[in-house]
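Given next are the chains, with one letter for each unit.
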Amino acid sequence: MNRRYRKTIIAGNWKMNKTATETKKFAEELKVILPKAKWCDVVVCVPFVNIPAALRAFKDMRVAIGAENVFYEKSGAYTGEVSADMLKDLGVKYVIIGHSERRQYFGETDVIVNKKVQAVLEAGMHPIICVGESLEQREMGVTMDLITLQIKSALAGIPAEKVRKCVIAYEPIWAIGTGKTATAEQANEVCNGIRTTIRHLYGARVARSVTIQYGGSMNPKNAEELLAQPDVDGGLIGGAALKPDQFVEIINAANQE
Ligand code: PGA
């Protein structure tokens with residue numbers, strides 16, 4: 001973390017979990033244990049259908065609501081899709097883009113990710129752009145090449161003042177939902193590499209202002225060590241964000257003065 005230059009953001013990614021009723025229950029439980037003063041921003045990204053319930057339930061808690069996906073067209077004949085303006089109008093602040101599960105199961109490419117990033121920024125929200133390598137790619141030694149390509153593609157055509165509004169989440173695919181975490185050094189090395197890529201593209205001032213999260217089996221046990229790394233500015237948390245007590249423990253680890 002480096003709060004002098006950028007925000008620390010702890011974001012939950014609920015994936016396809018919880019009903020609207022369970023969303024309300026989670027918020028009620030969280031409210032009791034959430035620290036009042038927060039040195040980090042807290043975001044909860046929920047399934048589309050739970051967004052209205054989440055906005056109601058988390059009101060007055062200084063917890064921002066995020067979506068887990070978006071379609072890049074503004075409106076039209078795209079049955080089943082949801083636009084950035086629709087999310088913005090509800091009060092959504094963040095949108096996860098290019099999560100590895102969407103890349104793997106729903107065919108999202110770097111080109112699609114770039115279009116979604118543009119749409120989210122245009123609507124005035126913050127994209128949380130996910131990048132990460134598979135185990136095979138790590139073993140082949142191409143991690144940083146791949147991630148540089150993912151970052152360059154995601155940010156193609158985005159001007160510097162909008163890049164400041166982007167959050168990047170480094171999520172090694174082999175660490176997601178597996179209980180295997182990258183070591184703090186591995187996480188920092190890639191987050192630092194991402195910052196270097198942004199520096200080459202946009203200069204040092206923009207690079208130091210961008211929040212870069214780590215994601216992949218972050219939990220109350222490993223959060224403090226990961227967040228102590230200079231280039232790890234928060235977490236994108238799946239499993240541990242589904243339980244209020246675990247989520248709060250991670251927030252507390254990020255909430256050091
Ligand atoms: P995990 O998921 O914390 O359950 O590994 C992280 C993510 O996929 O964003």
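Below you will find a few notes about this structure.

What counts, and at which threshold
- Residues numbered from 1 in each chain as written.
- Predicted model: local features only at pLDDT ≥ 70, side-chain atom pairs only at ≥ 80, totals over all residues.
- Heavy atoms only, no water.
- Near = heavy atom within 4 Å.
- Polar contact = N/O pair within 3.5 Å; in protein donor to acceptor, adjacent residues only side chain to side chain.
- Areas by Shrake-Rupley, 256 points an atom, 1.4 Å probe, with all protein chains shown as cover.
- Nonpolar A, V, L, I, M, F, W, Y, C, P; charged D, E, K, R; others polar.
- Buried < 20%, exposed > 50% of the residue type's maximum accessible area, 1.4 Å probe, protein only.
- Helix = DSSP H or I, 4+ residues; strand = E, 2+ residues; numbered from the N terminus.
- Pairing = 2+ DSSP bridges.
- Axes fitted to C-alpha atoms, helices over the stretch in contact; angles between N-to-C directions.
- Parallel < 35°, antiparallel > 145°, perpendicular 65-115°, else oblique.
- Contact = heavy atoms within 4.5 Å.
- Expected span 1.5 Å × (residues − 1).
- Left-handed = near helix turned anticlockwise from the far one by under 90°.
- Salt bridge = Lys/Arg side-chain N within 4 Å of Asp/Glu carboxyl O.

**Some details on the site of the ligand**
Move 1: Contacts to the ligand come from 13 residues, most closely from Lys-15, His-99, Glu-171, Gly-177 and Ser-217.
Move 2: At 2.7 Å from an oxygen atom of the ligand is found a side-chain nitrogen or oxygen belonging to His-99.
Move 3: Within the contact set of the ligand, an oxygen atom lies 2.7 Å away from a backbone nitrogen or oxygen of Gly-177.
Move 4: Within the complex, 95% of the 280 Å² of free accessible area of the ligand lies under protein.
Move 5: Partitioned by chemical class, the residues of the shell around the ligand number 4 nonpolar, 7 polar and 2 charged.

**So, the pairing of strand 5 (residues 126-131)**
Move 1: Judged by how many residues are buried, strand 5 sits mostly within the fold: 5 of 6 residues are covered.
Move 2: As paired elements, strand 4 (residues 94-97) and strand 5 share 4 bridges and run parallel to each other. In the sheet register, Ile-96 faces strand 5, and the bridge partner there is Ile-128.
Move 3: When strand 5 meets strand 6 (residues 167-170), the two strands line up parallel, connected through 4 bridges. What sits directly across from Ile-128, in strand 6, is Val-167.

**Focus on the packing of helix 5 (residues 110-122) against helix 7 (residues 143-154)**
Move 1: In contact at an axis separation of 8 Å, helix 5 and helix 7 are set at 40° when each is read in the N-to-C sense. Taken together, the axes of helix 5 and helix 7 are oblique relative to one another. Contact residues: Asp-110, Val-113, Asn-114 and Val-117 in helix 5; Gln-150, Ser-153 and Ala-154 in helix 7.
Move 2: Class assignment for the residues of the contact of helix 5 with helix 7 results in 3 nonpolar, 3 polar and 1 charged.

**Focus on the environment of Thr-181**
Move 1: Considering the arrangement of structural elements, one finds Thr-181 in the loop between strand 6 and helix 9 (184-202).
Move 2: A relative accessible area of 25% means that Thr-181 is categorised as partly exposed.
Move 3: For the pair Thr-181 and Gly-216, spaced 35 residues apart in sequence, the C-alpha separation works out to 6.0 Å.
Move 4: Not counting the four nearest positions on each side in its chain, Thr-181 is found in contact with Trp-174, Ala-175, Tyr-214, Gly-216, Ser-217, Asn-222 and Leu-226.
Move 5: Reaching out from Thr-181, the side chain makes a polar contact with the side chain of Asn-222 at a distance of 3.1 Å.

**As for helix 1 (residues 20-33)**
Move 1: For helix 1, spanning 14 residues, the distance from its first C-alpha to its last is 21 Å, which sits close to the expected 20 Å at 1.5 Å a residue.
Move 2: Turning to helix 1, the residues buried within the fold contact helix 2 (51-57) and helix 12 (244-254).

**A few points about the packing of helix 1 against helix 12**
Move 1: Packing of helix 1 against helix 12 leaves a shortest axis separation of 9 Å and a crossing angle of 40°. One element, helix 1, and the other, helix 12, form an angle in the oblique class. Both helix 1 and helix 12 take part in a crossing whose hand is right-handed. Residues Phe-26, Glu-29, Leu-30 and Ile-33 of helix 1 form the contact with helix 12, whose participating residues are Pro-244, Asp-245, Phe-247 and Val-248.

**A few points about the side chain of Ser-100**
Move 1: Assignment of secondary structure puts Ser-100 in helix 4 (residues 100-105).
Move 2: Residue class for Ser-100 comes out buried when judged on its relative accessible area of 12%.
Move 3: Not counting residues within four places of it along the chain, the set of residues in contact with Ser-100 comprises Ile-173 and Ile-176.

**Some points on helix 12**
Spacing of three or four residues puts side chains on the same side of an α-helix, whose turn is 3.6 residues.
Move 1: Residues of helix 12 that are buried: Pro-244, Phe-247, Val-248, Ile-250, Ile-251, Ala-253 and Ala-254.
Move 2: Here the buried face of helix 12 lies against strand 1 (9-13), helix 1, strand 2 (41-46), helix 11 (223-227) and strand 8 (234-237).

**Brief notes about the pattern of salt bridges**
Move 1: Here the structure, examined in full by the defined rule, presents 14 salt bridges.
Move 2: Here Lys-74 makes a salt bridge to Asp-85, at a shortest N to O gap of 3.2 Å. Residue Lys-74 is located in the loop between strand 3 (63-67) and helix 3 (84-90), and its partner Asp-85 is located in helix 3; the two are separated by 11 residues in the primary sequence.
Move 3: Put simply, Arg-6, Arg-195, Asp-231 and Asp-233 are held in one network by salt bridges that share partners.

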